[in-house]
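# Report on the structure
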Amino acid sequence: MKSAVIVFPGSNCDRDLAVAIEAITGTAPVMVWHRDTVLPDGLDLIALPGGFSYGDYLRSGAMSARSPVMAAVTAAAGEGRAVLGVCNGFQVLTEAGLLPGALMRNAGLDFICRDVSLTVENAATMFSAHYAAGSTIRIPVAHHDGNYVADTETLDRLEGDGRIVFRYAENVNGSARNIAGIINDAGNVLGLMPHPERLIEAEQGGTDGRAMFEALHAALG
Amino acid sequence: MKALVTITLKPGVLDPQGRAIQNALGGLGFAGVSGARQGKLIELDLADGTSAADIEAMCRQLLANTVIENYRIEIL
């Protein structure tokens, strides 16, 4: 499986994501700087990491979504390549229009940094196929702007099409319908606020994040 | 030339920061503040003759997220 992690100025989970991908797939991803306009050939997976790219200036993910590399990421997504956005990566994907909706300030205004319970709503995606549908997993969140917002029509469409992949089992940040992660219509772009890459070894306190990378490895070779 | 771009949350979009401001004003003893909405004001220094269409495009492509925000342009 050939993968890349995009590095924006202010990304701070890029290395965690790279370590997780290498540990589980056996191949280190290529780290791609945001000013690059061309992605390496033959990528199976493009991962957008967590962090505070551009210091969250203007809106979280707003500046990064207009970075030079994002035209290539959007084109790759259009070709059906897998794109995973974690936390700030999810914010970038919504700002880039690759996923619907927006991520606003947490309803309680606090920065939330703790493990949360998630329900796997759709286990029939290339990202979630190694979780049991309806199961509860524990994955850490660490964000200030994770409050998912979209109009009712969009929310109904996401719900009806099974595009809500992960839902908070508790009200964490005010997200509409407790949405923690969604997928695009074509099923190759997933964004989620929780950090699966932070729970891949028992030493980290749990391994509930592994299944996402294992599923991608199985699906993408 | 200068343009002022005012960005506000769309009606109906919850504004937790605005609500905190409203509560803080109440805490200071200002009675009757029934709402507060927080937005942004961006001052642009532009080449003379920049078209209204270009400023619109700036708003749509970067300055506002039209999923959640409205914008208003004032050319000075």
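For the structure given in this document, a descriptive report is provided here. (Residues numbered from 1 in each chain as written. Chains lettered and ligands numbered in written order. Predicted model: local features only at pLDDT ≥ 70, side-chain atom pairs only at ≥ 80, totals over all residues.)

### Focus: the overall build of chain A
When helices and strands are tallied, chain A shows six helices and 11 strands. Its C-alpha atoms give chain A a radius of gyration of 16 Å, near enough to 17 Å, the size a compact globule of 221 residues would have. The principal-axis extents of the C-alpha atoms in chain A amount to approximately 40 × 35 × 35 Å. Per-residue burial for chain A yields a buried fraction of 53% across its 221 residues. (Helix = DSSP H or I, 4+ residues; strand = E, 2+ residues; numbered from the N terminus. Rg over C-alpha atoms; globule rule 2.2 N^0.38 Å. Buried ≥ 20, exposed ≤ 12 C-beta atoms within 10 Å, placed from the backbone.)

### What about the overall build of chain B?
Helix and strand content of chain B: two helices and three strands. Put simply, chain B runs from its N terminus to its C terminus through helices and strands in the order β-α-β-α-β. Counting only C-alpha atoms, chain B reaches 50 × 25 × 15 Å along its principal axes. Split into buried and exposed, the 76 residues of chain B put 12% on the buried side. Contacts in chain B between residues far apart in sequence, at least 24 positions, make up 68% of those at least 6 positions apart. (Contact = placed C-beta atoms within 7 Å.)

### A word on the interface of chain A and chain B
Opposite the 11 residues of chain A that make contact, chain B presents nine residues. When the residues that make up the side of chain A that touches chain B are grouped by side-chain class, the tally is six nonpolar, one polar and four charged. (Nonpolar A, V, L, I, M, F, W, Y, C, P; charged D, E, K, R; others polar.)

### What to know about unusual backbone geometry
Residues and elements named next belong to chain A. One non-glycine residue, L58, adopts positive backbone phi at about 70°. Assignment of secondary structure puts L58 in the loop between β3 (45–48) and α2 (62–65). Even without being a glycine, L109 presents a positive backbone phi close to 70°. Here L109 falls in the partly exposed class, since 14 other C-beta atoms lie within 10 Å of it.

### Quick notes on the pairing of strand β6 (residues 112–120) of chain A
Residue and element names in this part refer to chain A. Bridging between β6 and strand β7 (residues 136–143) involves eight bridges; their strand directions are antiparallel. Counted as the bridge partner of C113 is A142 from β7. Alignment of β6 against strand β9 (residues 164–168), held across three bridges, turns out to be antiparallel. Along β9, the bridge assignment pairs T119 with R167. (Pairing = 2+ DSSP bridges.)

### A look at the sheet that holds strand β3 (residues 69–75) of chain B
All names here are of chain B. A sheet is described by the order of its strands in space; here three strands give the open sequence β2-β1-β3, paired in antiparallel fashion. In this open sheet, the two edge strands, each paired with only one partner strand, are β2 (40–45) and β3. Direction aside, the axes of adjacent strands within the sheet are offset by 20° on average. Pairing of strand β1 (residues 2–9) with β2, which is carried by six bridges, proceeds in the antiparallel orientation. Following the sheet pairing, L4 is matched in β2 by E43. In the packing of helix α2 (residues 52–63) onto the sheet, contacts are made with β1, β2 and β3, and the angle to β3 comes to roughly 150°. (Axes fitted to C-alpha atoms, helices over the stretch in contact; angles between N-to-C directions.)

### Quick word on the sheet that holds β3(A)
All names here are of chain A. Pairing is mixed across the open sheet formed by nine strands, whose spatial order is β2-β1-β3-β4-β11-β10-β9-β6-β7. Each edge of the open sheet is held by one strand with a lone partner, namely β2 (30–33) and β7. Across the sheet, the mean angle from the axis of one strand to that of its neighbour is 25°, orientation sign disregarded. Against the sheet, helix α1 (residues 14–25) makes contact with β1 (3–7), β2, β3 and β4 (82–86), and its axis sits at roughly 170° relative to β1, the strand it touches most.

That's the geometry; what it means functionally is another story.
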